[in-house]
Amino acid sequence: MTILAWGNSVGDWTTNGALAQRGLADMSMAACFAGPSFNLLVGLGFGLLTQKESLMSAEGLNVTMMPTVRTGFIFLITNCIAAIVSSLYHGGIIPKMHGYVFWTFYFAYLSMSAQHLM
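Residues numbered from 1 in each chain as written. Predicted model: local features only at pLDDT ≥ 70, side-chain atom pairs only at ≥ 80, totals over all residues. Heavy atoms only, no water.

1. Some remarks on a nonpolar patch on the surface
- A cluster of nonpolar side chains, namely Met65, Met66, Val69, Phe73, Leu76, Ile77, Ile81 and Val85, defines an oily patch on the protein surface of about 750 Å² accessible area.
- Relative to the helices and strands, Phe73 is located in helix 4 (residues 67-89).
- Take Phe73: its relative accessible area is 41%, and that puts it in the partly exposed class. (Patch = residues over 30% accessible without salt bridge, like charges linked within 9 Å, V, L, I, M, F, W, Y side chains within 5 Å. Areas by Shrake-Rupley, 256 points an atom, 1.4 Å probe, with all protein chains shown as cover. Salt bridge = Lys/Arg side-chain N within 4 Å of Asp/Glu carboxyl O. Helix = DSSP H or I, 4+ residues; strand = E, 2+ residues; numbered from the N terminus. Buried < 20%, exposed > 50% of the residue type's maximum accessible area, 1.4 Å probe, protein only.)

In structure tokens form, the structure reads like this:
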């Protein structure tokens, strides 16, 4: 799934880089957030629209959360909290060292997800 996510983001990454090089940094920054937000909202909207009858029934829509998804949520929230705390501690700037912390969280997540799949 991670490889698919990276592959899906390569086009956005190159386009945003080209926009920034042409002096359209504001548009590039807006696209970094608008593209994934649009994909998330439209994807969830259509997905929930197809399940409308199940959602409106008395018993509702039964959803189970896999252990890998739960692990992903835990690492995502931990990473976001670490970024906010680091940003507040360093006056709104996330230092380069925190990038290594991000990578450590990422590889820890990958190893724990792999253990869940075995």
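Structure shown, so let's carry the discussion forward.
2. Focus: helix 4
- When the terminal C-alpha atoms of helix 4 are compared, their 33 Å separation across 23 residues agrees well with the 33 Å that a helix rising 1.5 Å per residue should span.
- Looking at the buried positions of helix 4, the neighbouring elements they touch are helix 5 (96-117).
- After helix 4 finishes, the residue Gly91 shows a positive phi value of roughly 70°. (Expected span 1.5 Å × (residues − 1). Contact = heavy atoms within 4.5 Å.)

3. Topic: the environment of Leu117
- Examined against the element boundaries, Leu117 turns out to sit in helix 5.
- Each C-alpha atom of the pair Leu117 and Pro67 lies 8.9 Å from the other, and the pair is 50 residues apart in sequence.

4. Re the packing of aromatic side chains
- Within the structure shown, the criterion is met by four aromatic pairs.
- Both rings, one in Trp103 and one in Phe107, keep their centres 5.7 Å apart while their planes meet at 25°; by these two values the pair is stacked. Of the two residues, Trp103 and Phe107 are both situated in helix 5; the distance of four residues between them amounts to about one turn of the helix.
- The structure contains a cluster of three or more aromatic residues connected by ring pairs, namely Trp103, Tyr106 and Phe107. (Phe/Tyr/Trp six-rings, centres within 6.5 Å; stacked < 30°, edge-to-face > 60°.)

5. Looking at the confidence of the model for the chain
- Per-residue confidence for the chain gives a mean pLDDT of 83; residues scoring 70 or more make up 93%.
- Put simply, helix 3 (residues 52-56) is where the chain has its lowest mean pLDDT, 74, and helix 4 is where it has its highest, 88. (pLDDT = per-residue confidence, 0-100.)

6. Re the environment of Ile93
- Here Ile93 lies in the loop between helix 4 and helix 5.
- As for Ile93 and Ala34, which are separated by 59 residues in sequence, their C-alpha atoms are 22 Å apart.
- Excluding its chain neighbours within four sequence positions, the residues that come into contact with Ile93 are Ser86 and Ser87.

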